[in-house]
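Structural characterization, general
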Amino acid sequence: MSEIPVNATLADVSESAILARIFPRLPQSDFTIVGPGDDCAVMQAPDGRFVITTDMMVHGPDFRLEWSTPHQLGIKAAATNLSDVAAMGAKPTGMVVSIAAPQDTEVTFLEQIAEGLHDACLELAPGCGVVGGDLSVSNTLTISVTAFGDLEGRQPLLRSGAKPGDVVAVTGRLGLAGLGLAALFAGEKETTNPLLLSAQLAPWPPISQGVAGAVGGATSAMDISDSLIMDAGRIAAASDVVIVLDESALDDLAAHLGIEAGVDAARARQAILYGGEDHALLMTFPADVALPPGFTPLGHVVACGQDESPHVNMGEGALPENGWNPYTGWNGELS
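Residues numbered from 1 in each chain as written. Predicted model: local features only at pLDDT ≥ 70, side-chain atom pairs only at ≥ 80, totals over all residues. Heavy atoms only, no water.

1. Quick look at helix α4 (residues 176-185)
Counting buried positions over the ten residues of α4 gives eight, a clear majority of the element. Regarding α4, the residues found buried are Leu 176, Ala 177, Gly 178, Leu 179, Gly 180, Leu 181, Ala 183 and Leu 184. One or two positions beyond α4, positive phi appears at Gly 187, with a value near 75 degrees. (Buried < 20%, exposed > 50% of the residue type's maximum accessible area, 1.4 Å probe, protein only. Helix = DSSP H or I, 4+ residues; strand = E, 2+ residues; numbered from the N terminus.)

2. Quick notes on the pattern of salt bridges
Side-chain pairing between opposite charges can occur once the charged atoms of the two side chains come close. By the definition in use, this model includes eleven salt bridges. A salt bridge links Arg 154 to Glu 152, with the shortest nitrogen-to-oxygen separation between them at 2.9 Å. Classification of Glu 152 as partly exposed rests on a relative accessible area of 39%. Its salt-bridge partner being Asp 231, residue Arg 234 comes within 2.5 Å of it at the nearest N-O pair. (Salt bridge = Lys/Arg side-chain N within 4 Å of Asp/Glu carboxyl O.)

3. Digging into the nonpolar core
The nonpolar side chains of soluble globular proteins are, as a tendency, buried together. Met 95, Ile 99, Leu 110, Leu 117 and Ile 143 are the most contacted members of the largest nonpolar core, which totals 54 residues. Elements with a contribution of two residues or more to this core: α1 (15-22), β3 (51-58), α2 (70-87), β4 (91-101), α3 (107-124), β5 (129-137), β6 (142-150) and β10 (280-285). Ignoring anything within four residues of it in the chain, the contact list for Ile 99 reads Leu 110, Ile 113, Asp 134, Leu 135, Ser 136, Leu 141, Thr 142 and Ile 143. If you look at the next biggest cluster of nonpolar residues, it comprises 37 residues, including Ile 224, Ala 232, Leu 257 and Val 301. (Core = buried A, V, L, I, M, F, W, Y, C linked by side-chain atoms within 4.5 Å. Contact = heavy atoms within 4.5 Å.)

4. Considering the pairing of strand β8 (residues 220-224)
Buried residues dominate β8, accounting for five of its five residues. Note: β8 against β10, five bridges, orientation antiparallel. Within β10, the position partnered with Ser 220 by the bridge is Thr 284. (Pairing = 2+ DSSP bridges.)

5. A word on the sheet that holds strand β13 (residues 317-318)
Across the sheet, seven strands lie side by side as β8-β10-β7-β11-β9-β12-β13; this open sheet has mixed pairing. What marks the edges here is a single partner per strand, and that holds for β8 and β13. Relative to strand β11 (residues 296-303), strand β7 (residues 167-171) is paired through four bridges, and the arrangement is antiparallel. Looking at β11, one finds that Val 170 is bridged to Thr 296. Each of β8 and β10 touches α2; the most contacted strand, β8, lies at about 170 degrees to it. Packing of helix α8 (residues 247-261) onto the sheet brings it into contact with β9 (241-245), β11 and β12 (311-314), and relative to β11 it is tilted by some 155 degrees. (Axes fitted to C-alpha atoms, helices over the stretch in contact; angles between N-to-C directions.)

6. With respect to the sheet that holds β4
Ordered in space as β3-β6-β4-β5, the four strands form an open sheet in which the pairing is mixed. This sheet does not close on itself; its edge strands, each paired only once, are β3 and β5. Going from strand to strand, the sheet's axes swing by 15 degrees on average, the running direction of each strand aside. Sheet topology note: the β4/β5 ladder contains eight bridges and is parallel. By the bridge assignment for β5, Val 96 is matched with Gly 132. This element, α2, spans β3, β4 and β6 of the sheet and lies at about 145 degrees to β3.

7. What to know about the packing of aromatic side chains
Remark: the centre distance and the inter-plane angle together describe each pair of aromatic rings, the angle taken between the planes. A full pass over the atoms with the stated rule returns three aromatic pairs. Ring plane angle 80 degrees and centroid distance 5.3 Å describe the contact between Phe 285 and Phe 295, whose orientation is recorded as edge-to-face. Of the two residues, Phe 285 sits in strand β10 while Phe 295 sits in the loop between β10 and β11, which places them ten residues apart along the sequence. Assessed through its relative accessible area of 0%, Phe 285 is described here as buried. Here Phe 295 falls in the buried class, since its relative accessible area comes to 8%. (Phe/Tyr/Trp six-rings, centres within 6.5 Å; stacked < 30°, edge-to-face > 60°.)

8. Looking at helix α7 (residues 228-239)
Between the first and last C-alpha of α7 there are 16 Å, a value that for twelve residues agrees with the 16 Å anticipated at 1.5 Å per step. By the criterion of burial, α7 is predominantly enclosed, with nine of the twelve residues buried. Here α7 has its buried residues at Leu 228, Ile 229, Met 230, Asp 231, Ala 232, Gly 233, Ile 235, Ala 236 and Ser 239. (Expected span 1.5 Å × (residues − 1).)

9. So, the side chain of Arg 25
Tracing the backbone through its elements, the reader meets Arg 25 in the loop between α1 and β1 (32-34). Side-chain polar atoms of Arg 25 contact the side chain of Glu 111, separated by 3.4 Å. (Polar contact = N/O pair within 3.5 Å; in protein donor to acceptor, adjacent residues only side chain to side chain.)

10. A closer look at the packing of α8 against helix α9 (residues 265-274)
Two elements in contact, α8 and α9, have axes separated by 8 Å at closest approach and are oriented at 115 degrees. Classed by the angle they form, the pair α8 and α9 counts as roughly perpendicular. For the crossing formed where α8 meets α9, the hand is right-handed. In this structure, α8 uses Glu 247, Leu 250, Asp 251, Leu 253, Ala 254, Leu 257 and Gly 258 to contact α9, whose residues at the interface are Ala 265, Ala 268, Arg 269, Ala 271, Ile 272 and Leu 273. Of the residues belonging to the contact of α8 with α9, the class tally is nine nonpolar, one polar and three charged. (Parallel < 35°, antiparallel > 145°, perpendicular 65-115°, else oblique. Left-handed = near helix turned anticlockwise from the far one by under 90°. Nonpolar A, V, L, I, M, F, W, Y, C, P; charged D, E, K, R; others polar.)

11. Some thoughts on the environment of Gly 217
Checked against the element boundaries, Gly 217 lands in the loop between α6 (208-215) and β8. Residues Gly 217 and Pro 286, 69 residues apart in the sequence, show an inter-C-alpha distance of 7.4 Å. Here Gly 217 is in contact with Phe 285 and Pro 286, once residues within four sequence places are set aside.

If you want it as structure tokens, here you go:
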């Protein structure tokens, strides 16, 4: 690696020197034919198709440096994109990462983001790596990731595939990230259960379960990023169905989460239903198919009644479509 002064910032070092420090820290993709260094990467696409997704993290509405380490930012930037690839039933193969940072940002800060990207790919999606990207300067730290995935010959899992009679199931944890975010907003970082903070600041979603669900016969899927209710509602709308959640299943999850997180059952239930950024995977399966290991049934799909709109139901009626929204959930403070 190139030698740079201790505590050097982006204003002190050339882009090529910075990249020379970052590249060795980035995860390598097993699908790379030509990697970073040319105008484009060249990647294998064994299926002949690939899925692609992109997500941006902006200091303020998406993260705060008061809360997150650069290593955690790298993990979250990778995880949020890898979970979208997994929700299509695809295997993640590569990412391009662009970062715009203030000029006084230390080069070691970017190195630690790269190490977070590396660790997330290594553990969540072995074989996936960073194949390119860009660096720039901005008054607002911004991390943008575009991720790719291989369908391996399968049809993609879409939101529009749920059918009446299907079982609704989830894999991954629900409610932890929402409780962690609430604690951060309340200024309780130092006294909050580290499990909740980790779920929010450095999520570890079940990426391999995307392929498992697709192989296991899933009919629809999506990543739960805004809330169980909002994202289940999106499947309902795309599939023109009603999703009915099982109240007893939700009670069981709430009881377990309440004990683990140290909150009452009512608060745990609200976090499961309306908390965002868990990045669990929500899928539907035909009723005659055994759920793959790691999936928990949460309800079932029914047809819309006459003059009835698609929605999410539990008990007596439709549930309000509340969840995490950075446009309204952010209180405007950057610190």
